[in-house]
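# What the coordinates show
Next come the chains, spelled out residue by residue.
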Amino acid sequence: MTQEHSPLTEGVYYILLALYEPRHGYGIMQLVEEISKGRVHLGAGTIYGAIKTLLERGWIEALGGDGRKKEYLITEAGKKVVEYEILRLRELFDNGIRITRGAE
């Protein structure tokens, strides 16, 4: 499996999902906590470290902003990564259900 098709961490997966609309770091933190019903809490260090990596990989882009409130948006490459991850997670889920329910 290549790096671009390696499994995503839960935090990176949620950050990418959050950036289907332009958001700044704090907005990402709020949305992730909301959509995970409080189960996933991303701290500022985690967010900004991940943003740096995602920018380097070309999975997100920085939009114009006033320095502290810079917004980010997922790129087409990032969307492909999310689509691949959804397929990977679906396979894991389907196999787990099939085996645990005894429907091999």
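Structure: see above.
Described below are features of the structure shown in this document. Quick caveat: nothing in here was measured; it's all calculated off a predicted structure.

Okay, the side chain of Thr 75 next. In this fold, Thr 75 is placed in the loop between β2 (72-74) and α4 (76-100). Beyond its immediate stretch of four places on either side in the chain, Thr 75 contacts Gly 58, Trp 59, Ile 60 and Glu 61.

What follows concerns the environment of Tyr 84. With respect to the secondary-structure elements, Tyr 84 resides in helix α4. With a relative accessible area of 27%, Tyr 84 lands in the partly exposed category. Along the chain, Tyr 84 and Leu 55 lie 29 residues apart, while their C-alpha atoms are 19 Å from each other.

In terms of burial, helix α1 (residues 10-18) is a largely internal element, 7 of the 9 residues being buried. Among the residues of α1, Gly 11, Val 12, Tyr 13, Tyr 14, Ile 15, Leu 16 and Ala 18 are the ones counted as buried.

Turning next to the nonpolar core. Ranked by size, the top nonpolar core spans 24 residues in total, and within it Ile 15, Leu 16 and Ile 28 carry the most contacts. Elements that contribute at least two residues to this core include exactly α1, α2 (25-35), α3 (44-57), β2 and α4. For this core, the element with the most residues is α1, which contributes 6 residues. The contact partners of Ile 28, leaving out residues within four places of it in the chain, are Ile 15, Ala 18, Leu 19, Arg 23, Ile 47 and Ile 51.

The tally for this structure, following the rule as stated, stands at 5 salt bridges. Glu 76 is the partner of Lys 79 in a salt bridge, and the nearest nitrogen-oxygen pair spans 3.6 Å. In this pair, Lys 79 and Glu 76 both sit in helix α4, 3 residues apart, roughly one turn of the helix. Lys 79 gets classed as partly exposed once you look at its relative accessible area, which sits at 26%. With a relative accessible area of 55%, Glu 76 lands in the exposed category. For Arg 88, the salt bridge goes to Glu 85, with nearest N and O atoms at 2.7 Å.

The rules behind these values
- Residues numbered from 1 in each chain as written.
- Predicted model: local features only at pLDDT ≥ 70, side-chain atom pairs only at ≥ 80, totals over all residues.
- Heavy atoms only, no water.
- Helix = DSSP H or I, 4+ residues; strand = E, 2+ residues; numbered from the N terminus.
- Contact = heavy atoms within 4.5 Å.
- Buried < 20%, exposed > 50% of the residue type's maximum accessible area, 1.4 Å probe, protein only.
- Core = buried A, V, L, I, M, F, W, Y, C linked by side-chain atoms within 4.5 Å.
- Salt bridge = Lys/Arg side-chain N within 4 Å of Asp/Glu carboxyl O.

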